[in-house]
Amino acid sequence: MQNLTDISEIRKIDPKDTLGSTELAIKQAKTAWEEVKALPISPITDIKSVIFCGMGASIYGALVLKALKAESLPFPIEVISDYHLPVYVDSHTLVVLTSYSGTTEEVLSCAQEAKEKGAHMMVLTKGGPLAQFATENNLPAYIFDGSLNPAGIPRLGNGYTIIGLLGVFKKLGLIEL
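The structure presented is a predicted model; accordingly, all values stated were derived computationally and were not measured. (Residues numbered from 1 in each chain as written. Predicted model: local features only at pLDDT ≥ 70, side-chain atom pairs only at ≥ 80, totals over all residues. Heavy atoms only, no water.)

## Description of unusual backbone geometry
Positive phi values are uncommon outside glycine, yet Asp 17 reaches one of about 65 degrees. With respect to the helices and strands, the residue Asp 17 is situated in the loop between helix H1 (7-12) and helix H2 (18-23). With a phi angle near 50 degrees, Asn 138 is a residue other than glycine that sits in the positive phi range. (Helix = DSSP H or I, 4+ residues; strand = E, 2+ residues; numbered from the N terminus.)

## Observations regarding the sheet that holds strand S4 (residues 120-125)
Adjacent strands of a sheet pair through backbone hydrogen bonds, lying either parallel or antiparallel. What the five strands build is an open sheet, ordered S2-S1-S3-S4-S5; its pairing is parallel. Looking at which strands have only one partner, the edges of the open sheet turn out to be strand S2 (77-80) and strand S5 (141-143). On average, each strand axis in the sheet is tilted by 15 degrees relative to the strand beside it, whichever way the strands run. Two elements, S4 and S5, share three bridges in a ladder whose sense is parallel. Bridge pairing in S5 links Leu 124 to Tyr 142. (Pairing = 2+ DSSP bridges. Axes fitted to C-alpha atoms, helices over the stretch in contact; angles between N-to-C directions.)

## Considerations on the state of the cysteines
Taken as a whole and assessed by the stated rule, the structure comprises zero disulfides. No disulfide involves Cys 53; its sulfur sits 3.7 Å from the nearest other cysteine sulfur, which is in Cys 110. Classification of Cys 53 by relative accessible area gives buried; the value is 0%. (Disulfide = S-S within 2.5 Å. Buried < 20%, exposed > 50% of the residue type's maximum accessible area, 1.4 Å probe, protein only.)

## Some words on the environment of Gly 20
Following the sequence through the fold, Gly 20 ends up in helix H2. Spatially, the C-alpha atoms of Gly 20 and Ser 81 are 29 Å apart, while their sequence positions differ by 61 residues. When residues no more than four places from it in sequence are discounted, the contact partners of Gly 20 are Arg 11 and Pro 150. (Contact = heavy atoms within 4.5 Å.)

## Brief notes about the packing of aromatic side chains
Taken as a whole, this structure holds four aromatic pairs when the rule is applied. Ring centres of Phe 52 and Phe 169 lie 5.6 Å apart, and the angle between their planes is 25 degrees; on these two criteria the pair is classed as stacked. Here the residue Phe 52 occupies a position in strand S1 (residues 49-53), and Phe 169 occupies one in helix H7 (residues 158-171), the gap between them amounting to 117 residues. Judged by its relative accessible area of 0%, Phe 169 is buried. Ring centres 5.2 Å apart and planes at 55 degrees place the aromatic pair Tyr 100 and Phe 144 in the tilted group. Of the two residues, Tyr 100 sits in the loop between strand S3 (93-99) and helix H5 (105-117) while Phe 144 sits in the loop between S5 and H7, which places them 44 residues apart along the sequence. Each member of the pair, Tyr 100 as well as Phe 144, is classed as buried. Grouped by ring-pair contacts, the aromatic residues Tyr 100, Tyr 142, Phe 144 and Tyr 160 constitute a single cluster. (Phe/Tyr/Trp six-rings, centres within 6.5 Å; stacked < 30°, edge-to-face > 60°.)

## Some points on the pattern of salt bridges
Counting across every chain of the model gives one salt bridge. A salt bridge links Glu 34 to Lys 37; the nearest nitrogen and oxygen atoms lie 3.6 Å apart. Separated by three residues within a single helix, Glu 34 and Lys 37 lie in helix H3 (residues 25-37), roughly one turn from each other. Lys 37 sits in the partly exposed class, given a relative accessible area of 48%. (Salt bridge = Lys/Arg side-chain N within 4 Å of Asp/Glu carboxyl O.)

That's the geometry; what it means functionally is another story.
Right, here's the structure in full:
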């Protein structure tokens, strides 16, 4: 039987270093907050709805924001884990594209649809094609390096995805914290 109160024993059965990511969770959250504060993001004012696009742990930030703030917002929030946006998306919709890896095909599909519909967009990712899409389209984005999640497991990147998203929404002028 393994002694799970002994850190060295835990490390022996933790090849992805999930313990390391867990130990860095607070530092990750603080770092995400500071990085977002430094982003050149301007407020937006003509939003009538917000759509979050993401899968799995990448959508955690949206779920937290919705749970904390949905009742006090002047617009509805919807979470989409699919390839397509709702038909009502237009130039008064903010589409938030979240993919930890930046390679999630459903999110990339929604990104193209949002662009075609003239929606406002915002990106949260570690890189990949989604970061490239944000750069090419001059979108407000929080592109983090993920170094404070040595396991590389999205559900252990909550500092980036939850705190980062809350910070971006504050900078966009959409929520008060």
